[in-house]
Amino acid sequence: MRELKDGIRSKVHLDFQGRVHKWFRGTDADKRYQREVDVLKILEERDCPYVPRLLEEHPEDLYFVSTNCGAPANGISRAKSDALFAELERDYGVRHDDPEPRNVTYNSKQGRFNLIDFELAEILKTPSKSKTCQESFTRIRWAAASKRGLKHKANDDFWLALRVDKNGAAPLPPEGESLLKPEDLILAISDGMGGNAAGELASRLVINWIRKHAAELYSSVFADPPLFQKRLRSLLEDAHQGLNEVIARDPSSLKGMGATLTLAYLSSKTLHFAHLGDSRLYLHTNGKTQQLTTDMTYAWKDFHEGKINELQFRQHPRRSALYDVLGGGHPRISPQLGSLPLPADSRLLLCSDGVVDGLWDKHFHQYLSSPEPERIIRDTILQTAYQNSGADDTSLIVAQTSCVGSPSN
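Residues numbered from 1 in each chain as written. Predicted model: local features only at pLDDT ≥ 70, side-chain atom pairs only at ≥ 80, totals over all residues. Heavy atoms only, no water.

(A) Structural context of the overall build of the protein chain. On a plain count of helices and strands, the protein chain comes out with 11 helices and 24 strands. A compact globule built from 409 residues should have a C-alpha radius of gyration of about 22 Å, and the protein chain, at 23 Å, falls within 12% of that. Considered along the principal axes of its C-alpha atoms, the protein chain spans approximately 75 × 45 × 40 Å. Residues counted as buried form 51% of the 409 residues belonging to the protein chain. Once local pairs closer than 6 in sequence are excluded, the contacts in the protein chain between residues at least 24 apart make up 70%. On the protein chain, roughly 19200 Å² of surface is accessible, and the fraction owed to carbon and sulfur atoms is 48%. For the protein chain, the centre of its 53 positive side-chain charges and the centre of its 55 negative side-chain charges are spaced 2 Å apart. (Helix = DSSP H or I, 4+ residues; strand = E, 2+ residues; numbered from the N terminus. Rg over C-alpha atoms; globule rule 2.2 N^0.38 Å. Buried < 20%, exposed > 50% of the residue type's maximum accessible area, 1.4 Å probe, protein only. Contact = heavy atoms within 4.5 Å. Areas by Shrake-Rupley, 256 points an atom, 1.4 Å probe, with all protein chains shown as cover. Lys, Arg positive; Asp, Glu negative; His and termini not counted. Charge placed at Lys NZ, Arg CZ, Asp CG, Glu CD.)

(B) Highlighting empty space enclosed by the protein. Within the structure shown, the criterion is met by 3 cavities of 30 Å³ or more. Quantified by volume, the largest cavity comes out at close to 60 Å³. Lining the largest cavity, in full, are Asp-278, Arg-280, Asp-295, Phe-313, Arg-319, Ser-320, Asp-353, Val-356 and Asp-357. With 3 residues, the single largest contributor to the lining of the largest cavity is helix α9 (residues 353-358). There is about 50 Å³ of room inside the second largest cavity. (1 Å grid on protein atoms, 1.4 Å probe; cavity = no way out; pocket = protein on both sides within 12 Å on 5 of 7 lines; lining within 4 Å. Points joined across faces, edges and corners; volume = space filled by probe spheres on them.)

(C) How the structure looks around the pairing of strand β12 (residues 157-165). Here β12 runs beside strand β15 (residues 184-193); their pairing, made up of 8 bridges, is antiparallel. Among the inter-strand pairings, Asp-157 is bridged to a residue of β15, identified as Asp-191. By the bridge criterion, 4 bridges tie β12 to strand β13 (residues 168-171) in an arrangement that is antiparallel. Paired with Asp-165 across the strands is Gly-168, a residue of β13. What sits between β12 and β13 in their antiparallel hairpin is a turn of 2 residues. (Pairing = 2+ DSSP bridges.)

(D) Structural detail: the nonpolar core. If you look at the biggest cluster of nonpolar residues, it comprises 33 residues, and the most contacted ones within it are Ile-186, Met-257, Leu-261, Leu-263 and Tyr-265. When residues of this core are traced back to their parent elements, those giving at least two are β12, β15, α3 (198-213), α4 (215-218), α5 (225-249), β17 (261-266) and β18 (270-276). Sort the elements by how many residues they give to this core and α5 lands first, with 7 residues. In this structure, Ile-186 is in contact with Leu-160, Ala-161, Leu-162, Val-164, Ile-210, Ala-214, Leu-217, Leu-263, Ala-264 and Tyr-265, ignoring residues within four places of it in sequence. (Core = buried A, V, L, I, M, F, W, Y, C linked by side-chain atoms within 4.5 Å.)

(E) The arrangement of the environment of Tyr-367 in detail. Its place among the elements puts Tyr-367 in helix α10 (residues 361-368). For Tyr-367, a relative accessible area of 15% translates into the label buried. Counting along the chain gives 70 residues from Tyr-367 to Thr-297, while the straight-line C-alpha distance between them is 25 Å. Residues in contact with Tyr-367, not counting those within four places in the same chain, are Leu-359, Ile-377, Thr-380, Ile-381 and Thr-384.

(F) Focus on the sheet that holds strand β5 (residues 63-66). Across the sheet, 5 strands lie side by side as β1-β2-β3-β5-β4; this open sheet has antiparallel pairing. One side of each edge strand has no neighbouring strand; the edge strands of this open sheet are β1 (2-6) and β4 (54-58). Averaged over neighbouring strand pairs, the angle between their axes works out to 15 degrees when direction is ignored. The sheet contact formed by β1 and strand β2 (residues 10-14) spans 4 bridges and is antiparallel. Looking at the pairing, Arg-2 lines up with Leu-14 of β2. Those strands touched by helix α1 (residues 29-45) are β3 (20-24), β4 and β5, and its axis lies near 150 degrees from that of β4. (Axes fitted to C-alpha atoms, helices over the stretch in contact; angles between N-to-C directions.)

(G) Representation of the side chain of Ser-267. Inspection of the secondary structure assignment puts Ser-267 in the loop between β17 and β18. Classification of Ser-267 by relative accessible area gives buried; the value is 10%. Other than its neighbours up to four places away in sequence, Ser-267 contacts Leu-180, Asp-184, Val-221 and Leu-342.

(H) Spotlight on the environment of Ser-81. Along the polypeptide, Ser-81 turns up in helix α2 (residues 78-92). On the basis of relative accessible area, Ser-81 is assigned to the buried category, the value being 0%. Not counting residues up to four positions away in its chain, the partners in contact with Ser-81 are Ile-76, Pro-101 and Val-104. A distance of 3.1 Å separates a polar atom in the side chain of Ser-81 from the backbone oxygen of Arg-78. (Polar contact = N/O pair within 3.5 Å; in protein donor to acceptor, adjacent residues only side chain to side chain.)

Okay, here's the thing in structure tokens:
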């Protein structure tokens, strides 16, 4: 056997047949053994496909044998791992006690991520229904708004709501409702930078580029996520190159011109997103709110890693100094791309940094948890953020998903 782990709480070996052998030791070893066995049995009963399958039980030796779920998923993003653990709780009724990326593996033969180590997990009620609209339509309602900052002569923010189908793309009003079948929906926020009129020009060009080429994404949305993300990346790279070409034609006036972009592409079952800069995308589902995007500043990285607290982050002198953005004269970009199941009964928030300036982290969860309709939540967030700060342009889109018809059991 090959040793995989030899720790205080457990020892794990891999045998020549590829099976995992796990021995429990230390404090409450018997209780932890029994809890993991119980959880794995429950997850098998509930047909969860991405956890180990129990093969042998040896309670007298506090040891069991299970299937192998692959190698550690080194490099998986926190947003992706959070989505996996949220799906486990939402769809299979098990809350992991240690929902960290270290408990995510990747099985190259299965071509998917898996979750492991359920020693102290909590077994919840059997979900009464799937939380994704598998055999029904997904309905989405949205409400968007933008307000010029007190220190700005022009509003450098632009938002976009776009219906996409086989016939092309069409812009949508600030408030509306759509069924995500066969149509898809694109929501986006862009915040321009560069001073004078350059910021407004940059964000307008980016949003117009997305509007012009969005229909090209529709044909690939039914492919696997990597192919779709490749199309998204190509769209962003072309927009980046286009901005830099505009700058090159008038460098004296447009030097430093650039724009953030946070884009959500919603189909009936999947949320794809693409991101550059420090605008944000939040997902609220199953009582939890998570920021799916990364602020591309070193100040946010220090805050995310716990090196500084939220107050220090908000007061950081380089909090708005972006290391990746569309345009700006940079030769290359490294956008954040992601895909995850689109939960029913969930909320999305896309916002520019003007909203972030006026709200603390706790407020995002508070407002997205509200039972009020999305237009009321939009107005509340906009007014609160503007009253608390208001110096920068303040833009946001709030969207609500729900199932039309009966979800699959």
